[in-house]
Amino acid sequence: MGFSEKDLVQNAVPLVGFSGETKQYFGEIVIPTFAEDMNKQREYIAPPQEKLDEVFLDPQFLARTVLVGARCADNIREQIIEFLRTNMDCFAWSHSDMIGIDPSVIIHRLNVDPSFLPIQHKRRKFAPERNEVINQEVDNLLAAGKIMEVNYPEWLSNVMVVPKKNNKWRIKMNPKDQEKTAFRYDRGLYYYNVMPFGLKKVGSTYQRLVNRMFKEKIGRTMEVYIDDMVVKSEKAEQYMSHLENTFSILRKYHMKLNPLKCTFGVSSGKFLGYLVTQRGIEAITEQIKAVLQLESPQKPKDVQSLTG
């Protein structure tokens with residue numbers, strides 16, 4: 001019929017059948033229909049969302065990969081891959097790759113009320129498998145120079161094992177406040193010399209940093225909220241120049257990207273818990289699944305339960 005995937009308008013709202021089952025489709029398209037003297041436009045739908053391809057940036061290190069949109073035009077796709085390969089230094093492949101932001105740009109301080117007495121937690125014991133994870137993480141941080149050993153800290157807390165895709169240590173801590181971040185585990189006492197996420201007001205500090213870095217781009221070619229950022233372009237031909245500008249800013253401030261969370265060359269994606277598409281901002285199907293599968297009330301008591 002002469003149509004391609006580019007002609008589809010994406011929609012995150014699934015189809016709901018008469019029996020309550022849901023099906024996700026790829027997009028919508030309006031097709032003119034001609035029959036005798038009638039001229040109508042009918043709306044058709046096509047099944048699920050855009051796919052991503054894993055691209056190897058360095059043949060010597062197979063773990064160094066990024067995700068690129070499978071529907072991206074071939075010429076743009078080749079430009080993206082070549083650009084990423086020549087700018088691999090902008091990604092944090094390990095703890096040691098995160099140099100950190102210059103303290104002259106921003107620094108994190110802890111405003112502790114001097115009338116409050118320091119708190120020291122008693123040592124908490126962990127299961128052997130968790131101890132192994134903690135030891136490995138502390139060894140990585142020591143090797144990267146993100147933590148230092150301390151002997152007599154006034155403030156002391158236990159570590160907490162939380163599985164995450166990445167860790168962020170980019171902003172330097174105020175030297176006077178570093179020992180307030182001290183933690184203990186089986187092998188000793190250490191403190192952070194960079195800002196770990198989890199402290200009070202770290203989100204505000206990080207937001208001030210990205211606002212300063214991308215002040216000329218936010219609202220035009222970028223949207224940034226703390227450590228989530230989107231590079232946007234109205235036309236595919238503009239995407240590479242916007243991407244180059246973004247990477248030049250990242251390199252200027254020594255900020256690194258987490259390759260596990262990066263996606264390039266897509267026309268839609270998740271941002272701050274929503275799906276951003278050409279149609280606008282929509283809800284993510286997985287997050288509203290319970291609402292979509294909610295059965296219609298059959299009797300007054302069901303309505304009362306629904307309204308609380």
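This text follows the structure it describes.
If you're wondering where the values come from, they're calculated on a predicted model, not measured in any experiment. (Residues numbered from 1 in each chain as written. Predicted model: local features only at pLDDT ≥ 70, side-chain atom pairs only at ≥ 80, totals over all residues. Heavy atoms only, no water.)

## Some thoughts on the sheet that holds strand β8 (residues 157-158)
Then step 1. With mixed pairing, the 4 strands of this open sheet are ordered in space as β7-β10-β9-β8. At either end of the open sheet lies a strand with only one pairing partner, and these are β7 (147-149) and β8.
Then step 2. Taken together, the 2 bridges between β8 and strand β9 (residues 183-185) define a ladder with parallel strand orientation. Of the residues in β9, the one forming a bridge with S157 is F183.
Then step 3. Against the sheet, helix α2 (residues 128-144) engages β7, β9 and β10 (188-192), with an angle of about 130 degrees to β9. (Pairing = 2+ DSSP bridges. Helix = DSSP H or I, 4+ residues; strand = E, 2+ residues; numbered from the N terminus. Contact = heavy atoms within 4.5 Å. Axes fitted to C-alpha atoms, helices over the stretch in contact; angles between N-to-C directions.)

## Describing the nonpolar core
Then step 1. The biggest cluster of nonpolar side chains holds 41 residues, and the ones touching the most others in it are L84, F247 and F264.
Then step 2. Of all elements in the fold, only β6 (65-69), α1 (74-86), α3 (202-213), β11 (222-225) and α4 (236-252) reach the threshold of two or more residues within this core.
Then step 3. In terms of residues, this core owes the most to one element, α4, which gives 6 residues.
Then step 4. Contact partners of F264, with chain neighbours within four places excluded, come to V66, L67, V68, G69, I80, L84, F91, Y239, L243 and F247. (Core = buried A, V, L, I, M, F, W, Y, C linked by side-chain atoms within 4.5 Å. Buried < 20%, exposed > 50% of the residue type's maximum accessible area, 1.4 Å probe, protein only.)

## Regarding the environment of K256
Then step 1. Positionally, K256 belongs in the loop between α4 and β13 (263-264).
Then step 2. Looking at K256, the relative accessible area reads 14%, which means it is buried.
Then step 3. Sequence separation between K256 and M98 is 158 residues, and the spatial gap between their C-alpha atoms is 6.3 Å.
Then step 4. Here the side chain of K256 touches D89 through a polar contact of 2.4 Å, landing on its backbone oxygen. (Polar contact = N/O pair within 3.5 Å; in protein donor to acceptor, adjacent residues only side chain to side chain.)

## As for α2
Then step 1. Taking 1.5 Å of rise per residue, the 17 residues of α2 would be expected to cover 24 Å, and the 24 Å separating its terminal C-alpha atoms lies within 8% of that figure.
Then step 2. All of the buried residues in α2 are N131, I134, N135, V138, L141 and A144.
Then step 3. Residue G145 follows α2 closely and has a positive phi angle near 75 degrees. (Expected span 1.5 Å × (residues − 1).)

## As for unusual backbone geometry
Then step 1. Unusually for a residue other than glycine, H254 sits at a positive phi of about 60 degrees.
Then step 2. Looking at the secondary structure, you find H254 in the loop between α4 and β13.
Then step 3. Among the residues examined, H254 registers a relative accessible area of 39% and is labelled partly exposed.
Then step 4. You will see that L272, though not glycine, has its phi angle at about 55 degrees, which is positive.
Then step 5. Tracing the backbone through its elements, the reader meets L272 in the loop between β14 (269-271) and β15 (274-277).

## Concerning the sheet that holds β15
Each strand in a sheet pairs with another by means of backbone hydrogen bonds, the pair being arranged parallel or else antiparallel.
Then step 1. Pairing is antiparallel across the open sheet formed by 3 strands, whose spatial order is β14-β15-β16. Each edge of the sheet is formed by a strand with only one pairing partner; in this case those strands are β14 and β16 (280-282). Within this sheet the neighbouring strands show an average axis-to-axis angle of 40 degrees, counted without direction.
Then step 2. In terms of strand pairing, β15 meets β16 through 3 bridges, oriented antiparallel. By the bridge assignment, L275 is partnered in β16 with E282.

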